[in-house]
Amino acid sequence: MKVSRRPAIFFGFKPWKDYVLRWFPDRDCKVVSRKARDMLLWGWPLRLLLYRSPEVYVWGFKYPPSLKWFCHRFGIPFYHVEDGFIRSVSLGAQRSPPASLIIDSQTLHYDARNASDLEHTLQTYDFAADEALMERAEKCIRMLLDLRVSKYNLGKRVNLDTILGPKTTRRVLVIGQVETDASIAFGCDRPVTNNDLVRLAASENPGAQIIYKPHPEVLHGTRSGVSDPAEVADICEMLKEDIAPADALEGIDRVYTITSLMGFEALLRGIPVTCYGMPFYAGWGVTDDRQLCERRTRRLTAPAIFSAAYLLRSRYFDPATSEPTRLEAVISELGNGVFCRAPATGT
């Protein structure tokens with residue numbers, strides 16, 4: 001007897017359309033255009049009413065604002081989907097499929113304006129009572145650090161001293177981001193550029209060596225920056241190559257970031273982190289926060305935040321087969337260079 005699968009409509013997944021069927025094998029999947037204009041012209045969201053018990057999945061914020069309201073109005077389950085925290089070898093802009101996804105029924109994890117499922121887990125989960133989870137988190141953190149795995153894993157492996165010379169003073173790393181990225185638009189409540197962050201770090205750390213690491217997508221030319229690094233060249237050393245995060249963090253005494261995940265990777269190494277915005281890992285007492293979030297009232301450890309974000313709220317897939325797998329396998333294979341850099345076949 002054939003079992004009917006629940007219909008699931010995917011908005012904004014165009015680059016990954018060939019992977020959707022593998023990521024959601026228990027759903028009858030339909031992938032809709034990535035362009036909001038096309039969604040409206042083709043009759044969405046009204047066409048959802050033609051399906052029996054549909055679900056809606058959206059990639060990032062690539063959907064008409066009325067879609068979420070419509071789903072809530074008619075009781076249609078609505079989920080936000082985004083890259084996980086251990087993603088791939090190559091960049092998403094290079095069409096490398098993600099090895100992990102975060103699926104959230106409330107909002108995206110980088111949306112500081114509203115509480116996500118991840119934030120709710122961080123605010124309410126009894127981490128101390130779940131010894132098995134915390135033991136697994138500690139082992140995964142150790143694997144991640146030992147194998148020098150990050151979200152993206154295509155950066156050059158170097159010793160900072162070969163670029164900057166021997167360390168003679170405190171080193172402060174400023175992590176650049178794509179300034180037009182949604183993680184800043186939704187995770188920071190006031191305008192800021194990478195240059196602003198460099199100037200802040202320099203002003204608060206007199207005598208320190210200020211090191212500026214631009215975002216990999218800017219260095220690889222897949223995204224454009226807003227600020228001109230030349231304007232702060234007199235107060236910082238800019239890393240002009242895409243250096244692996246593990247190497248860029250080696251010997252660093254403090255990190256400044258707006259909302260970058262690399263700030264959390266610094267925390268896992270015991271490096272103090274200043275957050276200008278409000279990423280998912282800020283507001284819990286482990287970071288120096290320059291933006292407040294009154295919803296986040298608990299005090300957590302970095303391993304507890306890791307266990308919620310990387311274990312409880314993330315799903316993992318083998319990019320070669322799209323079969324479900326575990327975080328440990330993804331870290332191991334990325335760390336040993338097993339995952340290929342082949343782009344997704346979707347267009």
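Scroll up for the structure.
Draft legend 1. Highlighting the packing of helix α4 (residues 117-124) against helix α12 (residues 302-312). For the pair α4 and α12, the least separation of the axes is 10 Å and the interaxial angle reads 140°. Here α4 is positioned oblique relative to α12, judged by the angle of their axes. Handedness of the α4/α12 crossing: right-handed. Seen from α4, the contacting residues are Leu 118, Thr 121 and Leu 122; seen from α12, they are Ala 304, Ile 305, Ala 308, Ala 309 and Leu 312. Along the lines of polarity and charge, the residues of the contact of α4 with α12 split into 7 nonpolar, 1 polar and no charged.

Draft legend 2. Inspection of the pairing of strand β3 (residues 55-59) at higher detail. With 5 of 5 residues buried, β3 is to be regarded as a mostly interior element. Covered by surrounding structure in β3 are Glu 55, Tyr 57 and Trp 59 together with Val 56 and Val 58, the residues of both alternating faces. Looking at chain direction, strand β1 (residues 6-11) and β3 are connected through 4 bridges and run parallel. Pairing of Ala 8 across the sheet is with Glu 55, part of β3. Bridge count between β3 and strand β4 (residues 78-83): 4 bridges; the pairing is parallel. Looking at the pairing, Tyr 57 lines up with Tyr 79 of β4. Considered for its hand, the β-α-β crossover made up of β3, helix α3 (residues 65-73) and β4 is right-handed.

Draft legend 3. Focus on the sheet that holds strand β12 (residues 314-317). Pairing is mixed in the open sheet, where 7 strands are placed in the order β2-β1-β3-β4-β5-β12-β13. Of all strands in the sheet, those with a lone pairing partner are β2 (27-32) and β13 (324-325), marking the two edges. Seen against the sheet, α3 touches β1, β3 and β4 and runs at an angle of roughly 140° to β4.

Draft legend 4. Geometry of the environment of Glu 135. The residue Glu 135 is located in helix α5 (residues 131-146) in this model. Relative accessible area serves as the criterion here: at 49%, Glu 135 is assigned to the partly exposed category. A C-alpha to C-alpha distance of 35 Å links Glu 135 and Val 56, two positions 79 residues apart in sequence.

Draft legend 5. Representation of the side chain of Thr 274. Within the fold, Thr 274 resides in strand β10 (residues 273-275). Filtering out sequence-adjacent residues up to four positions away, Thr 274 remains in contact with Arg 254, Val 255, Tyr 256, Thr 257, Asp 288 and Arg 290.

Draft legend 6. Main features of the environment of Pro 65. Looking at the secondary structure, you find Pro 65 in helix α3. Measuring from C-alpha to C-alpha, the distance between Pro 65 and Ala 36 comes to 9.2 Å, with 29 residues separating the pair along the chain.

Draft legend 7. Fine view of the side chain of Asp 83. For Asp 83, the position within the fold is in strand β4. One polar contact links Asp 83 to Arg 87, side chain to side chain, over a distance of 2.9 Å. When residues no more than four places from it in sequence are discounted, the contact partners of Asp 83 are Trp 59, Pro 98, Ser 100, Leu 101, Ile 102, His 109 and Lys 151.

Draft legend 8. Focus on the packing of α5 against helix α13 (residues 327-335). Running from amino to carboxyl end, α5 crosses α13 at an angle of 10°, the nearest separation of the two axes being 10 Å. In terms of orientation, α5 lies roughly parallel with respect to α13. Across from Arg 136, Cys 140, Met 143 and Leu 144 in α5, the residues of α13 making contact are Leu 327, Glu 328, Ile 331 and Ser 332. Tallied by class, residues from the contact of α5 with α13 come to 5 nonpolar, 1 polar and 2 charged.

Draft legend 9. Representation of the nonpolar core. Judged by nonpolar contacts, the single largest core of 57 residues is most densely connected at Leu 173, Val 255, Phe 264, Phe 280, Phe 306, Tyr 310 and Leu 327. Of all elements in the fold, only α4, α5, α6 (160-164), β6 (171-175), α11 (261-267), β10, α12 and α13 reach the threshold of two or more residues within this core. Ignoring anything within four residues of it in the chain, the contact list for Leu 173 reads Ile 211, Lys 213, Ala 248, Leu 249, Ile 252, Arg 254, Val 255, Tyr 256 and Met 262. Core analysis: the next-biggest nonpolar cluster, separate from the first, contains 17 residues, Val 172, Ile 184, Ala 201 and Tyr 212 among them.

Conventions adopted
- Residues numbered from 1 in each chain as written.
- Predicted model: local features only at pLDDT ≥ 70, side-chain atom pairs only at ≥ 80, totals over all residues.
- Heavy atoms only, no water.
- Axes fitted to C-alpha atoms, helices over the stretch in contact; angles between N-to-C directions.
- Helix = DSSP H or I, 4+ residues; strand = E, 2+ residues; numbered from the N terminus.
- Parallel < 35°, antiparallel > 145°, perpendicular 65-115°, else oblique.
- Left-handed = near helix turned anticlockwise from the far one by under 90°.
- Contact = heavy atoms within 4.5 Å.
- Nonpolar A, V, L, I, M, F, W, Y, C, P; charged D, E, K, R; others polar.
- Buried < 20%, exposed > 50% of the residue type's maximum accessible area, 1.4 Å probe, protein only.
- Pairing = 2+ DSSP bridges.
- Right-handed = clockwise from strand over helix to strand, strands pointing away.
- Polar contact = N/O pair within 3.5 Å; in protein donor to acceptor, adjacent residues only side chain to side chain.
- Core = buried A, V, L, I, M, F, W, Y, C linked by side-chain atoms within 4.5 Å.

What is shown is where atoms sit, not what they do.
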